[in-house]
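So the chains spell out like this:
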Amino acid sequence: MFDIRSSIINQKKYKVFYAIIPFLALFIALFIGGVLIFFAGINPWKAYNYMLQSIFGNIRLFSEVFTHFVPLVFCALSFAVAYKGGFFNVGGEGQLYFGALTATLAGVYIQGLPAFIHIPLVLLTGFIGGAFWCWIAGILKIKLGADEILNTIMLSYLAILLINFVVMYFLKPANSYISQSEKIAKSAYFPKLIPHTQINLGVILSLLTVIIIYYFLYRSPYGYQIRAIGENSDAANYAGMNILKGTMTVIIISGGLAGLAGASMLMGTQYRLTPAFSPGYGFEGIGAAVMARNNPWGIILTAFLFALLRVGAGAMQRGVGVPLPISWTIEGIIMILITGSEYLSNKFSTNLIGGRA
Amino acid sequence: MKKSKVFLRVFVLAFAILMIFSTLAMTAPLKIAIILPHAITSEGWTKSGFDGLMKAKEDFDIETSYQENVSEGELKGALRGYIAEGYDLIIVHEMGYNDPTLEVAEESPDTMFAITYGFKAADNVAVTSGTNWQANSLAGAVAGLMTKSNKVGFIISNDSPVAHNFLNAGFIYGAKRINPKAEVITTFVGSWSDVVKGKELAKAMIKQGVDVIYSQCGVVNRAVIEVCEEAGIWAIGAVEDMSYVAPQTVIANALAPTEYLVYGVIKEMVEGTLKGGRVVKGIKDGAEEITFNPLLKDKLPENGEEKIMKLRQEIVDGDITLEQMQEELNKQNIKF
Amino acid sequence: MAHEIILSLKEITKTFPGVVANDHINLEIHKREIHSLLGENGAGKTTLMNILYGLYSPNSGEIVFNGKNVKINSPRDAISLGIGMIHQRFMLVPRFSVFENIILGQASEKPPLLEKKKLYKKIAKVAKKFNIKLDLDIPVENLSVGIQQKVEILKTLYQGADFLILDEPTSVLTPQEGQNLFKDLLALKEQGCTIIFISHKLKEVMQISDRITVLRDGRVIGTKEKFETNPQELSRLMVGREVSFTIKKKDCNPGKEVLSIQDVFMQNRKGLKILKNICLNIRAGEILGIAGVDGNGQKELADAICGLQKINSGNVKILDEEITESNPRKLYEQGLSYIPGDRKKYGLIPNFNIAENIVIKDYYLPPFTRGLFLNSAYIDNYSKKVIATYDIKTPSHLVQIKKLSGGNQQKVVLGRELSKYPKLLIIMQPTQGLDVGACEFVYNKLLEARDKGVAILLFSTDLDETMNLSDRIAVIYEGEIMGEVDPRSTDVGEIGLMMAGSKRKKANAIERG
């Protein structure tokens, strides 16, 4: 049939278009950011130049990108998996906190284990913690029909306050005036891949998780089932899939991944739990996932971009005094442009294909 | 032959450049940076620290930089960034970042670090702190002095050990000392910037009969004072002189300008006297103070100012310490 | 005959990147005629009408309306010319009353006042003129689809349109509602309206039109006066080849009983009885058709057999095995295939590709899954085979289902189910939304399956289809079987009465005997 074949041809064109979009968005956002920086009285060229130099000029500073990259990858995967399974988990932040809490317990109170046992154990408890927190939202949805967007976000606030409380009244060493837990045992630290940098085992684990999630979602029957439920739960039901079980699996995995974000922060950079543990990776992860269109490979790119922007924003402020809100604006513009362009390209493609109905 | 000539030239050139740079470095001004936990626009704690840096920049020949809104996860990166850029003094303006700062400081012993309101110091880490209780106890005393309902309110940002053992203990002690019948209601906002919640808490206190409120909570302070103005009750300004917000409402100000501490650290650095170790500065050192709103002095009860000043003198003379206060409150079975 | 030409389209061409949707279209519409645009899905009918209604602008060509050369850039332009369009999907606000829906989006004459009474009278006048009987105060959500369509028509007329475009209006209607619509359209024509009727259904087009234009692949194939042509010719023009209308059916050769349903009752959550005392049985190699107006319990009955809904009492047996407590997956493994009515909602996952949709019921079984992972090589080969066997027109097995035409989508579903050689096939609305060629294909495949010994339970609201395909017909009305008839010895009249609720004494007797 003529029209279908031509739509395929267009699809190829459209794919190229699709791939260019993020770069175009980045470029436009940097341009608008440059204009803003200019109006703040700073030479934008100097600011960007400085940013690039300070990020890429020094391996130790460059490695800071991975401080953010690792938890962002986990959080973005958490959102993406849930989204693919039709569950809108916007509570990654709370699950991250709860995973960090359980991981802290396993890291602080279990001592004397060799690293090759202690590290997986702490990761596992982190996973379970995050999964548990998400499971609550899932149960509320499945049993009571409560909307998960509301559930997960509210549970996020609850988790943050709860961790605040637990740290201060239970985890804080008695003689400390600062509200923070003890450090986790050295045996639960991620070994550094390059000494004196932030490039540690977490980087490998996060990339490995991307691969696992990809194979899980697109190559395994479970992932197939989850995607089917997410795309069209009616059809999945008619095809004989167990919707409840599938949704629950998604919820556990999604929450667990967010919990791993918390555990990886704990084991890789922070080593102790504090009330303001995460600077919002759970929310930023949603952005990274949406920007990557929930594709695991894309998440590597977007998480890296977000991490880069975070480090770059700091560098620009340190070096030439670019106010932080301008850097946030740049990040915001990138997100708006990319999500907006997705809408546009969707329209573009439906015009192509639906034109002759 | 030719090769060695080229080599020589390069060598001489390199040496020359090195010389120029090293002399430049010798004459170059000190590079001083501050790392702030929140945005510099957030009034109170963060802005005050930033102002200290700006003031120092005016007074001394220094090169300055700041990074705001640095979360705990970003702290080490920011510190390392400054270290890599050759900063001489890096001030961390958040007591909660004490331990991670020490860890990074250990990596680079040639750089000087300072932590405001911290607890743990090191050879290259100077901790400079206010007492956290002296101005607060005087604020409590003023509250005890002014209350007619014998109910006074204290609004604190985050629930923390410092909040209980220093801030709240000092405030309650001061209030009870002047007015044994005074009852203190303390609440926590849980944030430095949640203005709406701060207002709600203040309103709730007023409903409970509170007629003097002291707020120690960044941007929220201003909002609380406005609520007090509407309700026609007394307010006490915190950190800086806030009389201008509501001249007929702010009866006194408990000053504890972190600006002063930041400025002090930089001054010592410039003068070459800054050393690692922990220094606590109080009223005696001019780091804290209680001041009355001159417009409202006639509203003070008889001998009121004298009573407060007497307590102040006891504190300055060291007749009262934090431990004594806590002990006293424990004896009276008062939780803080 | 001298006809006044109200509209002529000259050399209209519309291309979408890579696709020529309309290729130099020339078309003349006479005043006060019902003119049908006939063509298969994707022939360019809707695109052409969207151009006329101002939703698309053509790449080239001109539109002459009432003798004047016009440019139509938006629906507003079209309406001001008196052109109105009724879309397949209605643009109504369910909670609003008929009256409110009609005045919605209309500028008031005296803003900000609405002048409800005056408008009400005006609408009533328009309704009376065109003989449309509607209660203006009922919320639209309480109306049946057919009546909602009337609201749309009245709305368009009220806006001053006398040139109506109806895009596949009958696709959402029951046969009876369709007949009512035709009556209304004829009345409109009497009152001076010109109507363009878009359809791919030959029978309707032959019934209602004055003239018929056939489109194929974006080109006009020909325009015929109705009395000059016949369905045979039209279908040949439409499809491009000869299509047979008579279904060649071998004699039925039933084997042993495959499905037996005994005294099935079902209540919904509100306690309403959805199924009452259903008793049916099907033997291998026969097609049992269930006739009935949509919404009389067909979906619930099919769902109940397939384990998707719980019944309150009674029992269902497949090959003498009790399945009342079973689940859909187990039943599928036992040889029960179910093709639900709304393909895109229940049968397919539109964003998945063809291969993924073909394995939707078997993906977890070896050899589709090997070890922990899907066996994509096998899945690819398998789906390519299904695509070849069922003549699915697609450049690749990796094309998203939503990009296929309805006919090809249905072929994917049929291919998926029949390739597994089920013992029992339950199929609902097998040809809804399909064009002539695809229908023919589906019928042949179903009969082929029957001849191979599959027991088929056919639910269809298309009575012709049910009569042509079935070996026996049971009629369902309000969740109750009204009786069974033999399609060879009955007629539409008898079944129609049963569909409206009258029981067949003789049939009952046979059943009990």
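S.K.: Even after reading the chapter, I still don't get the overall build of chain C, so can you show me in this structure?
M.R.: Of regular secondary structure, chain C possesses 18 helices and 22 strands. Against the globule reference of 24 Å for 513 residues, chain C gives a C-alpha radius of gyration of 25 Å, in line with a compact fold. If one aligns the C-alpha atoms of chain C with their principal axes, the spans along those axes are about 70 × 50 × 50 Å. Excluding contacts between residues fewer than 6 apart, the proportion of contacts in chain C whose partners are at least 24 apart in sequence is 67%. Of the roughly 23,300 Å² that chain C leaves accessible, carbon and sulfur atoms contribute 50%. Between the averaged position of the 71 positive side-chain charges in chain C and that of its 61 negative side-chain charges there is a distance of 3 Å.

S.K.: Just checking my understanding: could you explain the sheet that holds strand β3 (residues 89-92) of chain B for this structure?
M.R.: Each strand in a sheet pairs with another by means of backbone hydrogen bonds, the pair being arranged parallel or else antiparallel. All names here are of chain B. Spatial strand order, β2-β1-β3-β4-β5-β11: six strands in an open sheet with parallel pairing. The outermost strands of the open sheet, each flanked by one partner alone, are β2 (62-67) and β11 (277-281). Mean inter-strand twist for the sheet, computed between neighbouring axes without regard to direction, equals 20°. Note that strand β1 (residues 30-35) and β2 share six bridges and pair parallel. What sits directly across from Leu 30, in β2, is Ile 62.

S.K.: Please clarify how the pairing of strand β12 (residues 273-283) of chain C should be interpreted in this entry.
M.R.: The side chains of a regular strand alternate between the sheet's two faces. Residues and elements named next belong to chain C. In this structure, strand β11 (residues 257-267) lies alongside β12, joined through seven bridges in antiparallel fashion. Residue pairing for β12: Ile 261 is matched across the bridge by Leu 280. What sits between the antiparallel neighbours β11 and β12 is a turn of five residues, in which Gly 271 has the positive phi angle 90°.

S.K.: What am I meant to see in the domain arrangement of chain B here?
M.R.: The figure often quoted for interface size is the accessible area lost as the parts come together. Residue and element names in this part refer to chain B. For chain B, the assigned domains are domain 1 (8-130 + 259-284) and domain 2 (134-256 + 301-331). Between domain 1 and domain 2, the C-alpha centre-to-centre distance is 32 Å. On the domain 2 side, the residues contacting the 12 residues of domain 1 number 14 residues. For the pair domain 1 and domain 2, the summed buried area comes to about 1,100 Å², and 67% of that belongs to carbon and sulfur atoms. Applying the counting criterion to the domain 1 and domain 2 interface returns zero salt bridges. For the pair domain 1 and domain 2, the interface holds one residue pair in polar contact (both at pLDDT 80 or more). Looking at the side of domain 1 that touches domain 2, its residues break down into five nonpolar, five polar and two charged.

The rules we used
Residues numbered from 1 in each chain as written. Chains lettered and ligands numbered in written order. Predicted model: local features only at pLDDT ≥ 70, side-chain atom pairs only at ≥ 80, totals over all residues. Heavy atoms only, no water. Helix = DSSP H or I, 4+ residues; strand = E, 2+ residues; numbered from the N terminus. Rg over C-alpha atoms; globule rule 2.2 N^0.38 Å. Contact = heavy atoms within 4.5 Å. Areas by Shrake-Rupley, 256 points an atom, 1.4 Å probe, with all protein chains shown as cover. Lys, Arg positive; Asp, Glu negative; His and termini not counted. Charge placed at Lys NZ, Arg CZ, Asp CG, Glu CD. Pairing = 2+ DSSP bridges. Axes fitted to C-alpha atoms, helices over the stretch in contact; angles between N-to-C directions. Domains from an automatic or database assignment. Buried area = accessible area lost by both parts, 1.4 Å probe. Salt bridge = Lys/Arg side-chain N within 4 Å of Asp/Glu carboxyl O. Polar contact = N/O pair within 3.5 Å; in protein donor to acceptor, adjacent residues only side chain to side chain. Nonpolar A, V, L, I, M, F, W, Y, C, P; charged D, E, K, R; others polar.

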